[in-house]
Amino acid sequence: MTHLLTLEGQLRLVGVALIAMGALHIVLPRLIGWPADLAGTTLLTRQVSYAHLFFVALTCVLLGLLPLLLARDLLAGGRLGTALLTAQTLFWGTRWLFEFVVFSPRLWRGDRLRTAAHVALSVLWTWVTAVFACALVTVGRG
């Protein structure tokens, strides 16, 4: 159990969380009411929306598989591991920033479920970004 508290263990947990986030995209459209919202749009808009959703889900799964399966390799240093940790830190750090800069509080204020989702996602993106950043700093120190 204490292994989960190590940086390698945290990377693996982040990988599991990202894969779960990717899987959540299977039911996400129904959770946020996309079928009704998209019903009045063109076929192209609907198909592009669902195609983008699929690729976001796939990206979450693939980016989660890296730390889940290759945590030790990422922490070993080297150019590729450092590049992957840098990319993950920037990617998820940008997602963290979007939670506060892009998504309007009007979307969740006054709605308990959406407020809980906002708080949970804020915590999730903070943790994910922090783990990758810590791994990057650790690798950078050699």
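Residues numbered from 1 in each chain as written. Predicted model: local features only at pLDDT ≥ 70, side-chain atom pairs only at ≥ 80, totals over all residues. Heavy atoms only, no water.

Colleague: For this particular structure, what's the right way to read helix α6 (residues 112-141)?
Modeller: For an α-helix, the turn length of 3.6 residues means that residues three or four places apart are oriented alike. With 30 residues, α6 extends 43 Å between its outermost C-alpha atoms, agreeing within 8% with the 44 Å of an ideal straight helix rising 1.5 Å per residue. Looking only at α6, the buried set comprises His 118, Ser 122, Leu 124, Trp 125, Val 128, Thr 129, Val 131, Phe 132, Ala 135 and Val 139. If you follow the buried residues of α6, they end up packed against α1 (7-24), α4 (43-75) and α5 (78-101). Capping the start of α6, Asp 111 holds a side-chain oxygen 3.1 Å from the backbone nitrogen of Leu 113, two or three residues further along. Positive backbone phi, approximately 70°, marks Gly 142, located one or two places after α6. (Helix = DSSP H or I, 4+ residues; strand = E, 2+ residues; numbered from the N terminus. Expected span 1.5 Å × (residues − 1). Buried < 20%, exposed > 50% of the residue type's maximum accessible area, 1.4 Å probe, protein only. Contact = heavy atoms within 4.5 Å. Polar contact = N/O pair within 3.5 Å; in protein donor to acceptor, adjacent residues only side chain to side chain.)

Colleague: Please explain the side chain of Glu 99 as it appears in this structure.
Modeller: Counting through the fold element by element, Glu 99 comes out in helix α5. By relative accessible area, which is 5% here, Glu 99 ends up buried. Discounting chain neighbours no more than four positions away, the residues touching Glu 99 are His 118, Leu 121, Ser 122 and Trp 125.

Colleague: Can you help me understand the packing of aromatic side chains in this one?
Modeller: Aromatic rings in a pair are described by how distant their centres are and how their planes are angled relative to each other. Per the counting criterion, the structure on display carries five aromatic pairs. For the ring pair Phe 91 and Trp 92, a centre distance of 4.7 Å and an interplane angle of 80° mean the geometry is edge-to-face. With relative accessibility at 41%, the residue Phe 91 sits in the partly exposed group. Under the relative-accessibility criterion, Trp 92 is labelled buried at 2%. Linked through ring pairs, Phe 91, Trp 92 and Trp 125 together constitute an aromatic cluster. When the ring centre of Trp 108 is taken as reference, the NZ or CZ atom of Arg 109 above it lies at 5.6 Å. (Phe/Tyr/Trp six-rings, centres within 6.5 Å; stacked < 30°, edge-to-face > 60°. Lys NZ or Arg CZ within 6 Å of the ring centre and 35° of its normal.)

Colleague: Sorry, what's going on with α5 here?
Modeller: Taking 1.5 Å per residue as the helical rise, α5 with its 24 residues ought to reach 34 Å, and the 34 Å between its terminal C-alpha atoms agrees with that figure. Every buried residue of α5 is listed here: Gly 81, Leu 85, Gln 88, Thr 89, Trp 92 and Glu 99. Tucked inside the fold, the buried residues of α5 contact α1, α4 and α6.

Colleague: Where do I start with the environment of Leu 63 in this structure?
Modeller: Mapped onto the elements of the fold, Leu 63 is located in helix α4. Along the chain, Leu 63 and Gly 22 lie 41 residues apart, while their C-alpha atoms are 9.5 Å from each other. When neighbours within four sequence positions are excluded, Leu 63 is seen to be in contact with Leu 18, Gln 88, Phe 91 and Trp 92.

Colleague: Is there a simple way to think about the confidence of the model for the chain in this case?
Modeller: Low-confidence regions, as indicated by low pLDDT, have predicted coordinates that should not be scrutinised in detail. On average, residues of the chain carry a pLDDT of 95, and 100% of them reach 70 or more. Across the chain, the secondary-structure element scoring lowest on mean pLDDT is helix α2 (residues 28-31), at 92, and the one scoring highest is α1, at 98. (pLDDT = per-residue confidence, 0-100.)

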